[in-house]
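Analysis of the macromolecular model
These are the residues of each chain, in order.
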Amino acid sequence: MLNRLLKKYDQADFILQQKARVVLLLGLAMLIILPMAIGYTIIYTETTAPGVLAPTIIATLVIVFALWLLVKGHFAISGNLILIIGTIAAWLVIFFDHSDPLIRLDTIVFIFAVLSVTPLVTTGKRALIVYFTANAAILTGFMFLYGYRLGLSRVAVMDYWADNLTAMLIVGLTSYSFFSINQRALKKAQHDIQERRRAEEATAAAKAFLQSSLASLPSGILLFDEKVQFHYINPVFLDWVGKTEIDFLGKSLGEVAANYLLPESDKHMARDFITRIQKGEKIINAEICLIDKKSQKKPVSFSAAGIINDQGRMIGGVAVLIDLTGQKQMEMKLRQSQRMEAIGTMAGGIAHDFNNILSAIMGHAELLSLDMAADKAEKQSLNSIVAACLRAKELIRHILLVSREIRAEHQPVCLQVVIAEIMELLKGSLPGHVEIRRDMTPVPLWVLADPVHIHQILMNLLTNAHQAMGSDGGLIEILLEGLDIPPGQTAPVPELTNGSWAKLTIADSGAGMPPEVLERIFEPYFSTKQKGVGTGLGLSVVHGLVQSYNGLITVESRPGQGTCFSIFLPVMEPPVETQKLAPQPLLLGKNQRILFVDDEEMLAEFGEAMLSRLGYQAVTITNPDQALNIFCSDPEGFDLVITDMTMPQMSGVDLAQKLLQVRPDVPILLCTGNSESITREKALEFGIRDFLLKPIKVGEFAAKIQETLKSPLGNRV
């Protein structure tokens, strides 16, 4: 009841709330006492004098008004009004009551009662002094001005005055002391409250800062108690698993492990962590696997430690989980890069050996062909052998391009030619139950690109198409067409701008893909293939390469209806064709002496035969150390040195440098089957006159020998 009446004071401080309750109780008590006093006066004293009844009735009404003010929240006005009216009413009764003196004088007790409440109402010491001083003055004036009317002797008046004044002084001093004590206690309490509030605010700020810091970290943070039960989970971890903090609060590490860890061995390991943490051990960078909100595996590094108090007991602890997804992807990318590097190295070695074999086959075939009449069937067969060798040379170049063993820069690339080359490469690897249909525009479509990248794009898409059809086989369609979008015309694909485009479409009749897979196919390392089949990098690489050429790639697929990739690349103007020169006759030598060095016996034999046929004296050596000794024995006896690059005892560059130390002006021609081992620029820096890639046609060899012999020292080409 009182709480409802004092609702206005709900937001006030505690002391004011208590004072309001006391004043309310005092006012209600006076409302009960005053009517009783009026009734007593009328019934028992048979007094109806207005001087007695009027003040009491007026005081009752004023107190009702004061209580209304109190309920409305005006504490100071209400409290002082009750005190003033209470004391005035009592003094009026004393002054105007004409009953027995004892009855009149005992009313002063009511004044003492009212004055004792003043410390609860007043807010300053000055007001307290005014109340008591005023009442002491009224008491003195009444006793000395009206005391003779009471029929008391002078001694009785003085005694009554002294006794009541002393009592009033004691009440006043007591009230003043209580007031002072209360004020000091209040100030102390307020200071303590402020200090506590500041401490709570500082604690709250520190807690908020800690929570904000934990929430801002990119790692999962979990705080646990002495039982290794979690009482705080930061938002990062909750976002990983797609849960709320309520799902983890109060749960142990073992319970969380049972629901969010894979495989079963990780669950047992997590349970073992609890025992180790409680023993005071630290768990550092233990790799475990979480189940994330998409039911995917998320590798994380788990570290945890308990917080030990002075008594050696664990009172809590913290666990930190670091997402290893990016690290694992980088490791996979590194392994893939190392594997490609190994493939490239192997391809380079194979290319070197294969080019040596081709050099011998093509060279001997050309030598035989030179001595035959043009109309002989054998000459046609030999020419076919040479053509096949040149084709094999191109295939090796493409293998080296794909394996990145040789570098290619942006250059005009005819898409029809690249598609034809890729089909030749895939011809032997695709099973017979996979049918490939090509429909390409007869108009050559040229793009400015790295041929390696175009090969990579086609190889990835065609390999994926083949794998999508599985063992049942199916149909792969390759469509190539030109697309012109003049200004003002709406493009078939919104992302395309005005201009000329080449549209390459690769469609398969495979299993197709559902929408949730289709959304992620260009993500790095995303793969739907079985473990060990692919890396998940193919389509992401294709997407990146197409975008690097300001192109666009789109995909359409439905389960059971196959997949269709469309690639749009900006078309360039066709390059200007160079006029083909008529076959030139062989350039023959004039019996110059040439040192020919190659560790392959068959190439050394071919070199000797070719040089002799071209009109040179050939000294063929298969050992570079022996070649160096022969040259040192007669440095001026050789007009030219032709050396292979890759030899077991000594490289061609090392041999060339040693020869140049003996004779700085000796012309040297370097031959290699792998351009990655040395470039033309590097060869020229070492003092070598010129550089040739195997296999080499006899006519090309003859021209290069003449060019090298005629090139002056210091003007190397």
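Keep in mind it's a predicted model, so treat the numbers as computed, not measured.

Some thoughts on helix α20 (residues 624-633)
What α20 keeps buried is the set Pro624, Ala627, Leu628 and Phe631. Buried residues of α20, seen end-on, are gathered within an arc of 100° and therefore sit on one face of the element. Opposite the packed face of α20, turned more than 90 degrees from it, sit the exposed residues Asn629 and Ser633. Looking at the buried residues of α20, the elements they touch are β14 (593-597), β15 (617-621), β16 (640-644) and α21 (652-662). Sitting at the amino-terminal end of α20 is Asn623, which places a side-chain oxygen 2.9 Å from the backbone nitrogen of Asp625.

Describing the side chain of Asp292
The residue Asp292 is located in the loop between β4 (283-291) and β5 (297-308) in this model. The buried charged residue Asp292 lacks any salt bridge, with Lys298 as its nearest oppositely charged partner at 5.0 Å. Only 2.7 Å separates the side chain of Asp292 from the backbone nitrogen of Gln296, close enough to count as a polar contact. With near-sequence residues (within four places) excluded, Asp292 lies in contact with Trp240, Val241 and Lys298.

Quick word on the pattern of salt bridges
In the structure shown here, the tally under the stated rule is 15 salt bridges. One salt bridge connects Asp323 with Lys298, and the closest N-O pair in it is separated by 3.2 Å. In this pair, Asp323 is assigned in strand β6 (residues 314-323) and Lys298 in strand β5, connecting sequence segments 25 residues apart. According to the relative accessible area criterion, Asp323 is partly exposed, its value standing at 29%. Here Lys704 ties to Glu707 by a salt bridge, and the two come within 3.8 Å at their closest N and O atoms. Linking Lys704 with Glu707, this pair stays in helix α23 (residues 698-710), spanning three residues, or about one helical turn. With a relative accessible area of 36%, Glu707 lands in the partly exposed category.

Considerations on the packing of aromatic side chains
Overall, the coordinates contain six aromatic pairs when judged by the stated rule. Aromatic pair Phe631 and Phe638: ring centres 6.0 Å apart, planes at 25°, arrangement stacked. The structure contains a cluster of three or more aromatic residues connected by ring pairs, namely Phe237, Trp240 and Phe248.

Digging into the nonpolar core
Leu70, Ile108, Ile111, Leu139, Met143 and Met168 are the most contacted members of the largest nonpolar core, which has 39 residues in total. Listed by contribution, the elements that provide at least two residues to this core are α2 (14-43), α3 (50-71), α4 (75-96), α6 (108-115), α8 (125-146) and α9 (154-216). Residue contributions to this core peak at eight residues, all from α4. Leave out the neighbours within four places in its chain, and Leu70 touches Leu6, Tyr9, Ala20, Val23, Leu24, Phe75 and Ser78. Within the second largest apolar cluster, 38 residues are counted, among which are Leu445, Ile521, Leu545 and Leu569.

A short note on the sheet that holds strand β12 (residues 552-557)
Overall, mixed pairing links the five strands, which are arranged β8-β10-β11-β13-β12 in an open sheet. Two strands lie at the open edges of the sheet, namely β8 (434-440) and β12, each paired on one side alone. For this sheet, the mean inter-axis angle between neighbouring strands, taken without regard to orientation, is 15°. Relative to strand β13 (residues 563-570), strand β11 (residues 499-508) runs antiparallel, the two sharing eight bridges. Along β13, the bridge assignment pairs Leu504 with Ile567. The strands touched by helix α16 (residues 451-469) within the sheet are β8, β10 (474-485), β11 and β13, with β10 carrying the most contacts at an inclination of about 140°.

About the thresholds
- Residues numbered from 1 in each chain as written.
- Predicted model: local features only at pLDDT ≥ 70, side-chain atom pairs only at ≥ 80, totals over all residues.
- Heavy atoms only, no water.
- Buried < 20%, exposed > 50% of the residue type's maximum accessible area, 1.4 Å probe, protein only.
- Helix = DSSP H or I, 4+ residues; strand = E, 2+ residues; numbered from the N terminus.
- Arc of directions from axis to C-beta.
- Contact = heavy atoms within 4.5 Å.
- Polar contact = N/O pair within 3.5 Å; in protein donor to acceptor, adjacent residues only side chain to side chain.
- Lys, Arg positive; Asp, Glu negative; His and termini not counted.
- Salt bridge = Lys/Arg side-chain N within 4 Å of Asp/Glu carboxyl O.
- Phe/Tyr/Trp six-rings, centres within 6.5 Å; stacked < 30°, edge-to-face > 60°.
- Core = buried A, V, L, I, M, F, W, Y, C linked by side-chain atoms within 4.5 Å.
- Pairing = 2+ DSSP bridges.
- Axes fitted to C-alpha atoms, helices over the stretch in contact; angles between N-to-C directions.

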